[in-house]
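Structural overview for review
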Protein chains: 2
Amino acid sequence: MLKKREVAVISAVTTKCGEHWDKGIKDLAWEAGVKAVEEAGISGKDIEYLVVGNMSGGMFVGQEHIGALVADFLGLNPIPSLRVEAACASGGVAFYQGYLAVASGLYDVVAVGGVEKMTDVEPEQATSVLAGAMDFEWEAYFGATFPALYALIATRYMHEYRLKPETLAKIAVKNHYYGSLNPLAHFRNKITVEEALTSPLVADPLRKYDCSPISDGAAVAILAPLDIAKKYTDTPIVVEASAIASDTLSLLKRRDLCTLDATVNAANKAFQLAHIEREDVDLIEVHDCFSIAELLAIEDLGFCKKGEAQNLVEEGQTYIGGRIPVNTDGGLKAAGHPVGATGVKQIAELVKQLRGEADKGRQVDGAEVGLAHNIGGTGATAVVTILSRRGA
Amino acid sequence: MLKKREVAVISAVTTKCGEHWDKGIKDLAWEAGVKAVEEAGISGKDIEYLVVGNMSGGMFVGQEHIGALVADFLGLNPIPSLRVEAACASGGVAFYQGYLAVASGLYDVVAVGGVEKMTDVEPEQATSVLAGAMDFEWEAYFGATFPALYALIATRYMHEYRLKPETLAKIAVKNHYYGSLNPLAHFRNKITVEEALTSPLVADPLRKYDCSPISDGAAVAILAPLDIAKKYTDTPIVVEASAIASDTLSLLKRRDLCTLDATVNAANKAFQLAHIEREDVDLIEVHDCFSIAELLAIEDLGFCKKGEAQNLVEEGQTYIGGRIPVNTDGGLKAAGHPVGATGVKQIAELVKQLRGEADKGRQVDGAEVGLAHNIGGTGATAVVTILSRRGA
């Protein structure tokens with residue numbers, strides 16, 4: 001294998017997530033793109049390559065060809081552009097492709113975007129669109145929805161590990177708490193365990209507050225080789241590793257309902273490539289599309305044994321100051337889940353934290369290493385990326 | 001820039017294109033995947049990375065997450081997989097991503113697929129789905145269809161360069177002739193100029209035989225570093241260069257309706273990287289989604305001046321034995337246009353030709369260098385790839 005170049009993030013930003021009735025997919029991409037270029041202190045002309053994560057532009061707004069569309073509206077023609085898609089992991093996979101482009105030496109300054117405009121369709125239609133992430137013939141066709149599939153996982157997990165609904169509620173409470181401190185979050189309201197436990201049932205045992213929202217939003221990161229990044233910023237954030245793994249789309253083919261093997265595989269690969277240990281990680285951004293998914297992620301990433309993440313939650317160890325702060329931006333639950341953008345949004349949060357620039361009350365003091373975990377479907381795709389402030 | 005590894009194609013295959021009522025998107029991908037692995041003489045376990053081009057799985061069959069889906073059904077888990085999309089250039093862009101993955105030294109054996117299942121929706125609905133490749137807000141919303149946009153280009157071209165409908169008809173006649181010699185082509189029937197000129201008008205001046213069909217199909221190529229490829233085959237086909245360029249999605253923003261700048265830019269970049277001259281190219285596979293597009297491609301790729309490709313057609317120079325054989329498999333017109341697969345299908349044809357293994361009557365004798373040209377929309381994305389049999 002060739003020696004790879006070290007890659008750093010020069011800037012990483014998100015739009016506010018939410019229901020943006022006044023903004024289309026182009027507007028969201030443009031807003032994030034301009035903000036990223038400004039924060040990076042580069043010119044649009046410096047960008048050599050563009051990768052955009054988007055899950056379902058076709059079904060949400062009738063628009064495919066999103067890579068070229070974003071290049072067009074950001075005035076980046078004629079640079080190469082493309083869209084990558086891996087359902088809700090589209091953003092993470094886009095980041096990986098950008099990383100590959102720079103690490104390979106083929107490109108220097110690369111923009112990685114993620115964008116999704118979800119609210120132009122009715123909520124029930126959005127649920128159908130999102131079902132495109134599962135195995136259509138074996139799951140969606142028979143009426144499965146994602147809340148239903150994650151409810152199956154939660155039910156099995158409750159049976160195997162005696163998880164209580166109160167523990168899931170506490171995950172939502174934490175994420176809403178951090179969302180309240182994040183001006184760009186979709187939801188800014190704090191909630192209580194009582195509110196979560198009495199919120200409407202969506203798919204037993206999952207209730208409203210166990211589910212992430214349907215959000216519009218975009219995020220963009222600018223990558224460059226570390227030596228070039230240092231010319232633009234005093235705090236380049238080094239990409240220590242990024243890894244992807246895949247698994248069966250349908251739950252019925254999995255060896256264990258309570259483990260996402262793709263997360264396990266991607267995490268092991270990423271830690272091995274990064275030469276970093278779990279105990280060196282200061283915070284993690286995990287894919288909490290449903291509260292149960294945050295528990296699985298903490299375990300499958302290797303931060304504790306299977307069945308024990310609930311103890312971390314009960315002890316408050318996933319808050320800042322605890323053993324492993326999780327989703328300090330509010331996560332998918334509160335910060336929002338514009339599906340194709342989420343993986344890049346996670347990177348933006350880590351970069352902010354590793355630079356010590358997080359909003360008041362939600363900065364992890366002295367954070368040196370952060371990990372992002374982005375999945376598609378019920379974990380048919382998982383992307384794990386480890387960043388550090390070693391370059392600063 | 002790091003020194004890149006030389007990349008070669010070990011195998012490249014397509015399914016038969018057509019209306020496959022008995023096959024879904026998984027079946028098509030599986031069929032091409034198994035065939036490619038067999039032809040390569042590798043095992044599925046040797047594949048380290050999978051990139052799948054697909055334009056609109058969501059809108060055509062309700063299925064996104066196509067990379068992981070194909071990995072799943074080919075039994076490739078847990079390798080990294082992703083889908084890339086650039087409208088009808090999705091296959092070409094997927095090939096580029098696979099090339100990047102191997103050239104970078106990050107992966108050795110990489111599978112690049114393209115797949116599209118288009119016939120599960122009604123033809124008029126397929127037209128709407130394909131409109132996702134144009135600028136939805138500025139073109140599709142106002143009722144534009146691709147036949148209409150290419151008709152605008154053809155009309156302008158006729159005005160500027162005195163192109164006659166007979167010349168466009170001759171392009172279709174050639175492509176149907178080569179389709180008749182290609183067992184995997186969607187259409188095997190020969191047609192006459194008279195038939196083409198009297199076929200139903202689709203969008204004036206384009207008639208039925210000026211338009212490529214709606215096809216189901218899949219194609220897969222297996223890539224590896226040249227030194228490793230030589231272990232598997234005596235005729236590895238070297239990827240001399242691959243380049244992508246982007247342009248505005250909407251025609252109204254173009255400087256010239258008769259030139260696809262993305263093709264010009266991608267071609268110039270590819271020839272520069274390959275250190276190959278136009279006169280060294282023995283055959284080209286171009287993106288003839290409409291007959292007029294074949295003319296534009298020949299010119300924009302640099303094989304003649306603007307306005308002069310019609311002379312090559314009139315003189316029969318685009319047939320085998322002529323100055324530059326074009327679309328010896330029948331092109332999109334006759335071999336078929338399963339949109340996300342087309343770019344990889346073109347690679348399969350070049351590999352066959354460069355190995356001297358094309359079907360009887362359509363082999364370009366002694367072909368050493370071939371070029372593939374794949375575009376998305378009306379040219380918002382163009383991919384140009386140059387292959388040679390130098391490795392043999």
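From a predicted model like this one, the values you see are computed outputs, not experimental measurements.

Brief notes about the overall build of chain A
When its secondary structure is counted, chain A shows 14 helices and 11 strands. Since a compact globule built from 392 residues should have a radius of gyration of about 21 Å, the 19 Å found for chain A is in line with a globular shape. Overall size of chain A, expressed as C-alpha extent along the three principal axes, is 55 × 45 × 40 Å.

Some details on the domain arrangement of chain A
Residue and element names in this part refer to chain A. One can read the domain layout of chain A as domain 1 (7–122 + 215–237) and domain 2 (132–212 + 239–387). Taking the mean C-alpha position of each, domain 1 and domain 2 sit 22 Å from one another. With 41 residues of domain 1 at the interface, the matching set in domain 2 holds 35 residues. Class assignment for the residues of the side of domain 1 that touches domain 2 results in 25 nonpolar, 13 polar and 3 charged.

A word on the interface of chain B and chain A
Each partner contributes to the interface: chain B provides 56 residues, whereas chain A provides 55 residues. Sheet topology note: the strand β3 (residues 81–85) of chain A/strand β3 (residues 81–85) of chain B ladder contains 3 bridges and is antiparallel. Paired with glutamate 85 of chain A across the strands is arginine 83 of chain B, a residue of β3 of chain B.

Quick look at the pairing of strand β8 (residues 237–246) of chain B
Residue and element names in this part refer to chain B. Of all 10 residues in β8, 10 are buried; the element is thus mostly enclosed. For strand β1 (residues 7–14) and β8, the ladder comprises 2 bridges, and the chain directions are antiparallel. Opposite valine 9, over in β8, you have isoleucine 237 as the bridge partner.

Regarding the pairing of strand β2 (residues 49–53) of chain B
For a regular strand, the rule is simple: side chains alternate between the two faces of the sheet. Residues and elements named next belong to chain B. Counting buried residues along β2, 5 of its 5 residues qualify, which places the element largely inside the surrounding structure. The side-chain alternation of β2 yields two buried faces, one formed by Tyr49, Val51 and Gly53 and the other by Leu50 and Val52. Bridging between β2 and strand β4 (residues 110–116) involves 5 bridges; their strand directions are parallel. Among the inter-strand pairings, valine 52 is bridged to a residue of β4, identified as glycine 113.

With respect to the environment of alanine 218 of chain A
Residue and element names in this part refer to chain A. Take alanine 218: it is sitting in strand β7 (residues 217–225). Using a count of 37 C-beta atoms within 10 Å as the deciding quantity, one classes alanine 218 as buried. Considered as a pair, alanine 218 and valine 13 are 205 residues apart in the sequence and their alpha carbons are 8.6 Å apart. Ignoring sequence-local partners within four residues, the contact set of alanine 218 consists of Thr15, Leu28, Ala29, Glu31, Ala32, Gly113, Gly114, Val115, Pro338 and Ala341.

Some remarks on the relation of the copies chain B and chain A
Laying chain B over chain A is done by rotating through 180 degrees and shifting 0.0 Å along the axis; what remains is an RMSD of 0.0 Å. The relationship between the two copies is best expressed as a two-fold rotation axis.

Things to note about the packing of helix α4 (residues 90–103) of chain B against helix α14 (residues 342–354) of chain B
Residues and elements named next belong to chain B. In contact at an axis separation of 5 Å, α4 and α14 are set at 70 degrees when each is read in the N-to-C sense. The angle between α4 and α14 falls in the class roughly perpendicular. From α4, Ser90, Gly91, Gly92, Ala94 and Phe95 reach across to α14, where they touch Thr342, Gly343, Val344, Lys345 and Ile347.

Quick notes on helix α14 (residues 342–354) of chain A
Residues and elements named next belong to chain A. Along its 13 residues, α14 runs 18 Å from first to last C-alpha, staying within 8% of the 18 Å computed at 1.5 Å per residue. The buried count for α14 comes to 13 of 13 residues, which makes it a mostly enclosed element. Count one or two residues on from α14 and you reach glycine 356, which has phi positive near 70 degrees.

Structural notes on the packing of helix α1 (residues 25–40) of chain B against helix α3 (residues 66–73) of chain B
All names here are of chain B. Close contact between α1 and α3 brings their axes to 10 Å; oriented N to C, the two are set at 60 degrees. Overall, the two elements α1 and α3 adopt an arrangement that is oblique. You can see that α1 and α3 cross each other, and the crossing is right-handed. Residue-level contacts link Lys26, Ala29, Trp30 and Gly33 of α1 to Leu69, Val70 and Phe73 of α3. Split by residue class, the contact of α1 with α3 holds 5 nonpolar, 1 polar and 1 charged.

Scoring rules and cut-offs
- Residues numbered from 1 in each chain as written.
- Chains lettered and ligands numbered in written order.
- Predicted model: local features only at pLDDT ≥ 70, side-chain atom pairs only at ≥ 80, totals over all residues.
- Helix = DSSP H or I, 4+ residues; strand = E, 2+ residues; numbered from the N terminus.
- Rg over C-alpha atoms; globule rule 2.2 N^0.38 Å.
- Domains from an automatic or database assignment.
- Contact = placed C-beta atoms within 7 Å.
- Nonpolar A, V, L, I, M, F, W, Y, C, P; charged D, E, K, R; others polar.
- Pairing = 2+ DSSP bridges.
- Buried ≥ 20, exposed ≤ 12 C-beta atoms within 10 Å, placed from the backbone.
- Least-squares fit on C-alpha atoms with pLDDT ≥ 70 in both.
- Axes fitted to C-alpha atoms, helices over the stretch in contact; angles between N-to-C directions.
- Parallel < 35°, antiparallel > 145°, perpendicular 65-115°, else oblique.
- Expected span 1.5 Å × (residues − 1).
- Left-handed = near helix turned anticlockwise from the far one by under 90°.

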